[in-house]
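# Summary of the model geometry
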Amino acid sequence: MIRRYTFGNPLPTGAVVQQYPPEADPLPYFTLESSRDGSLSFTLSLREDDILFGLGEAVRGMDKRGHIYESWNSDVFNHTEATSSLYGSHNFLVFFSPERLFGIYLDDPGKIVWDLGRTKLDEAVITSLSGNLDLYLVEEDSLTAVARSFRRLTGRSYLPPRWAFGYIQSRWGYAGEEEIRSVAGEHRKKHIPLDAVCLDIDYMSDYKNFTWKPDAFPDLKRFSEEMKADHLRLVPIIDAGIKVEEGYAPYDSGKAGDCFCKKADGSDFVAAVWPGRCCFPDFLREDVRRWFGNLYEPLLDAGIEGFWNDMNEPALFYSDEGVAAAFAKVETIRSGSVDFETAWRLKDAFNSIANNPEDYRRFYHTLDGKTVRHDRVHNLYGAGMTRAAADAFRRLRPEKRLLLFSRSSFIGAHRDAGIWQGDNFSWWSHLKMALQMLPGLNLCGFLYNGCDLGGFGCNVTEDLLERFLQLGVFTPLMRNHSALHTRDQEIYRFSIWETMRDTVTVRYALLPYLYSEFMKAALRDEMYFRPLAFDYPDDPRSVKVQDQLMLGGDCMIAPVYEQNADGRYVWLPEDMLMIRFRSARDYDLVPMRKGDHRISLSLGEFPLFVKNNHAVLLCPGGESSELLDDTVFTVLGHIEKEGVYELYRDDGISPDPDLVSHITPVPLALQESSSSLNI
Ligand code: MIG
């Protein structure tokens, strides 16, 4: 059951697709307090056994208790477990204990502070800074039902094309088609499966959106056709800012349509990002989204079928006003003598010019015909850009599902695209963070997601990349990405490249099965990854597990995320069959009992646990998702009771696939562990 409580005058966010009349009764569970500054706090005392799931893209454990989070979309290269905001704001939180279960969704596009048992261990205080919001209370009798109900409230998750489940190679710094051809060629030569290569900002002329360097990509259409002939796709990046430059068509047409965010004096707001001084499309306006979306057309015409949208928090390197303010601050310090305090202030004056809160108060949007200062609706910006692109793809390519993933997001954008988890580092702690972020993102509807495998910043080590890939085998987005000037991170650069390749082959053998599990989860409004608590809510041991995840309807994953580990402890919530993979053809099948186990996993080994009387299907594999045979399978499972697996298959590209007509029942016959099947 869902109930809506309205406070103040909420701004429309587009997050919710089902309308509920506001409740007249007071909100249960919480005590309310409003402050003179207009903010509104919801306070709830926490029980010792309350577990808090949700908040989507956020640091730390699957249980969000014990930290302060802020909904404030942020470009946070170099985030750690102390960080309070990442790139997306996903304001859905579920309180779960044996005595009570409910979720709250705060439909509020501005800043929210979530003090979840941090200031006081036994108290959650959630504060909307504006005090204007709709709060939806979701009450059902199970965690899974809460998740499903919330998805019905906010709409079905985005469905990517099937090729988006292939392995994707990316890097900031690929110079042009020559280099991309050679990167792709090395994968093919060494039989490392690959479906796509990303183009980062380097492909653009002077970092200008919707352009490409004529010398580096003399004929993009021909190049993309050449790649497609080899079953590979190009996935270019698009940034939020439009360079201020007369004669540059997107700027001229944006100016002509009055599409950019404005300052209080009515002039265009300007701030610098990669192309230099830029204007920022007012993505909250429908006509602006349409204009911006149409700008993707030349790339679509060149054969492009996938994009990633970046810098859409929006990230701002600096504004003229911000730089002037920093110099003014320096001047006031210059007049006196510099001591250690003023020296720190000097340093801060310039360190804080990027993504400065002052800049987010300098510009305005038009929302439903009204002028709104940016900070009030800050968290909608990335979702607006995503919607601009997704609407355009539906309009311009109605016959196809296109790949789209964004850096910044808000609930609602889960209907239009996936996300990637942002600028992580080549750190073991970030491998664990990526794992722990998955269930929250799924709960908030973002099923298609993944982290930069290997880590974006810093120089990866080969063992770390291999362990990242072992997690990536199971994440819908499986992309290796790294930053400019970091060590080369393509698999073939490493001495253990064969081990890494073998890991990727497991993804390709499992791809039809993982795609089937993903599509069923999306089409049934369920989660692809879940905390164990969702499946074993009455088992006090399982509900606490923080580093294992249920995957789809049959499996559990338990990745190794520690340096030098040659195995790990795993809690089995019931009897399961462990598949210890070394490659798609080389694995051990070990029936195991419910309970605690120490499992040995040397560097090239990783486990998948299959519930008894369930199975996973392995296809013969191939080097592109387009080359997989999804009619011949090896069935892996411990079947004591005959059953059926529902295999979802479609053409991988047509929009709006219907669930029922694409399911083939696969009979599971009595078997110890492995059999083969033609369907
Ligand atoms: O300011 O396009 O998160 O994936 O490689 C950095 C360059 C801009 C940030 C993205 C990252 C991308 C990078 N971008």
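Keep in mind it's a predicted model, so treat the numbers as computed, not measured.

### Concerning the site of the ligand
Around the ligand, a shell composed of 13 residues is seen, among which D200, D310, R407, D423 and H481 lie nearest. D200 is positioned such that a nitrogen or oxygen atom in its side chain is 2.5 Å from an oxygen atom of the ligand. Here D310 contributes a side-chain N or O atom positioned 2.8 Å from a nitrogen atom of the ligand. Protein chains bury 95% of the 350 Å² of accessible surface belonging to the ligand in isolation. Its residues assigned to classes, the shell around the ligand shows eight nonpolar, one polar and four charged.

### Considerations on the packing of aromatic side chains
A ring pair, where both rings are aromatic, is described by two values, the distance of the centres and the angle of the planes. Tallying each qualifying case throughout the model produces 49 aromatic pairs. Taking the centre distance of 5.8 Å and the plane angle of 85 degrees together, the rings of F260 and W291 count as edge-to-face. You can see F260 sitting in the loop between α4 (249-256) and β16 (270-273) and its partner W291 sitting in helix α5 (residues 286-294), a full 31 residues away along the chain. With a relative accessible area of 13%, W291 lands in the buried category. Ring geometry for F283 versus Y381: centroids 5.1 Å apart, planes at 65 degrees, classification edge-to-face. Of this pair, F283 sits in the loop between β17 (276-279) and α5 while Y381 is found in helix α10 (residues 381-396), placing the two residues 98 residues apart along the sequence. Here F283 and Y381 have matching classes, each one buried. The ring of Y569 has R598 lying over it, and the distance from NZ or CZ to the ring centre is 5.8 Å.

### Some remarks on the nonpolar core
F95, I104, F292 and L510 are the most contacted members of the largest nonpolar core, which totals 216 residues. Considering each element in turn, this core owes the most residues, 16 residues, to helix α13 (residues 497-523). With 16 residues, the next largest nonpolar core counts A558, W571, M576 and M592 among its residues.

### Quick look at the pattern of salt bridges
In the structure shown here, the tally under the stated rule is 60 salt bridges. Shared partners join several salt bridges into a network, and the residues in it are D75, D310, E313, R407 and D423.

### Things to note about the sheet that holds strand β37 (residues 632-636)
The strands making up a sheet are joined through hydrogen bonds of the backbone, oriented either antiparallel or parallel. With respect to topology, three strands assemble into an open sheet ordered β36-β37-β40, the strand pairing being antiparallel. The strands lining the two open edges of the sheet, one partner per strand, are β36 (616-618) and β40 (674-678). Ignoring which end each strand starts from, the neighbouring axes of this sheet average 35 degrees apart. Inspection of the sheet shows β37 paired to β40 by five bridges, in the antiparallel sense. By the bridge assignment, V632 is partnered in β40 with N678. Strand contacts of α13: β36 and β37, with the helix running at about 135 degrees to β36, the strand carrying the most contacts.

### Thoughts on the sheet that holds strand β14 (residues 233-239)
Ordered in space as β25-β24-β22-β18-β14-β13-β12-β27-β26, the nine strands form an open sheet in which the pairing is parallel. The open sheet terminates on both sides in strands that have one partner only, identified here as β25 (449-450) and β26 (452-453). Bridge count between strand β12 (residues 167-169) and strand β27 (residues 478-480): three bridges; the pairing is parallel. Considered in β27, the bridge of Y167 is made with M478. Where helix α3 (residues 220-229) meets the sheet, it contacts β13 (196-199) and β14, and its direction lies at approximately 135 degrees from that of β14.

### Here we look at the pairing of strand β31 (residues 567-572)
Summarising burial for β31: five of the six residues are buried, a large majority. Relative to strand β34 (residues 595-600), β31 runs antiparallel, the two sharing six bridges. Of the residues in β34, the one forming a bridge with W571 is D596.

### Things to note about the side chain of N209
Along the chain, the position of N209 falls in the loop between β13 and α3. On the basis of relative accessible area, N209 is assigned to the buried category, the value being 1%. At 2.6 Å, the side chain of N209 forms a polar contact with the backbone oxygen of D239. The residues touching N209, leaving out its near neighbours within four places in the chain, are M204, I238, D239, A240, G241, I242, Y248, P250 and F292.

### Describing the side chain of D310
Relative to the helices and strands, D310 resides in strand β18 (residues 306-310). Of the residues examined, D310 reaches a relative accessible area of 10% and is grouped as buried. In this structure, D310 is in contact with I237, I238, D239, A240, M385, R407 and W420, ignoring residues within four places of it in sequence.

### A word on helix α7 (residues 320-334)
Between the first and last C-alpha of α7 there are 21 Å, a value that for 15 residues agrees with the 21 Å anticipated at 1.5 Å per step. Within α7, the full set of buried residues consists of G322, A326, V330 and I333. Down the axis of α7, the buried side of the element spans an arc of 80 degrees, and every buried residue falls inside it. Summarising the contacts, the buried residues of α7 are in contact with β19 (318-319), α8 (340-351) and α9 (357-360).

### Looking at the environment of Y136
The residue Y136 is located in strand β11 (residues 133-138) in this model. For Y136, the contacting residues outside a window of four places in its chain are I2, R3, R4, V16, Y20, G103, I104, Y105, D107 and L153.

### Quick look at unusual backbone geometry
Along the chain, E313 connects to P314 via a cis peptide bond; the corresponding omega equals -5 degrees. Tracing the sequence through the fold places P314 in the loop between β18 and β19. Of note in this structure, C458 is not a glycine but carries a positive phi near 70 degrees.

The rules we used
- Residues numbered from 1 in each chain as written.
- Predicted model: local features only at pLDDT ≥ 70, side-chain atom pairs only at ≥ 80, totals over all residues.
- Heavy atoms only, no water.
- Near = heavy atom within 4 Å.
- Polar contact = N/O pair within 3.5 Å; in protein donor to acceptor, adjacent residues only side chain to side chain.
- Areas by Shrake-Rupley, 256 points an atom, 1.4 Å probe, with all protein chains shown as cover.
- Nonpolar A, V, L, I, M, F, W, Y, C, P; charged D, E, K, R; others polar.
- Phe/Tyr/Trp six-rings, centres within 6.5 Å; stacked < 30°, edge-to-face > 60°.
- Helix = DSSP H or I, 4+ residues; strand = E, 2+ residues; numbered from the N terminus.
- Buried < 20%, exposed > 50% of the residue type's maximum accessible area, 1.4 Å probe, protein only.
- Lys NZ or Arg CZ within 6 Å of the ring centre and 35° of its normal.
- Core = buried A, V, L, I, M, F, W, Y, C linked by side-chain atoms within 4.5 Å.
- Salt bridge = Lys/Arg side-chain N within 4 Å of Asp/Glu carboxyl O.
- Pairing = 2+ DSSP bridges.
- Axes fitted to C-alpha atoms, helices over the stretch in contact; angles between N-to-C directions.
- Contact = heavy atoms within 4.5 Å.
- Expected span 1.5 Å × (residues − 1).
- Arc of directions from axis to C-beta.

Nothing here speaks to function; it is all geometry.
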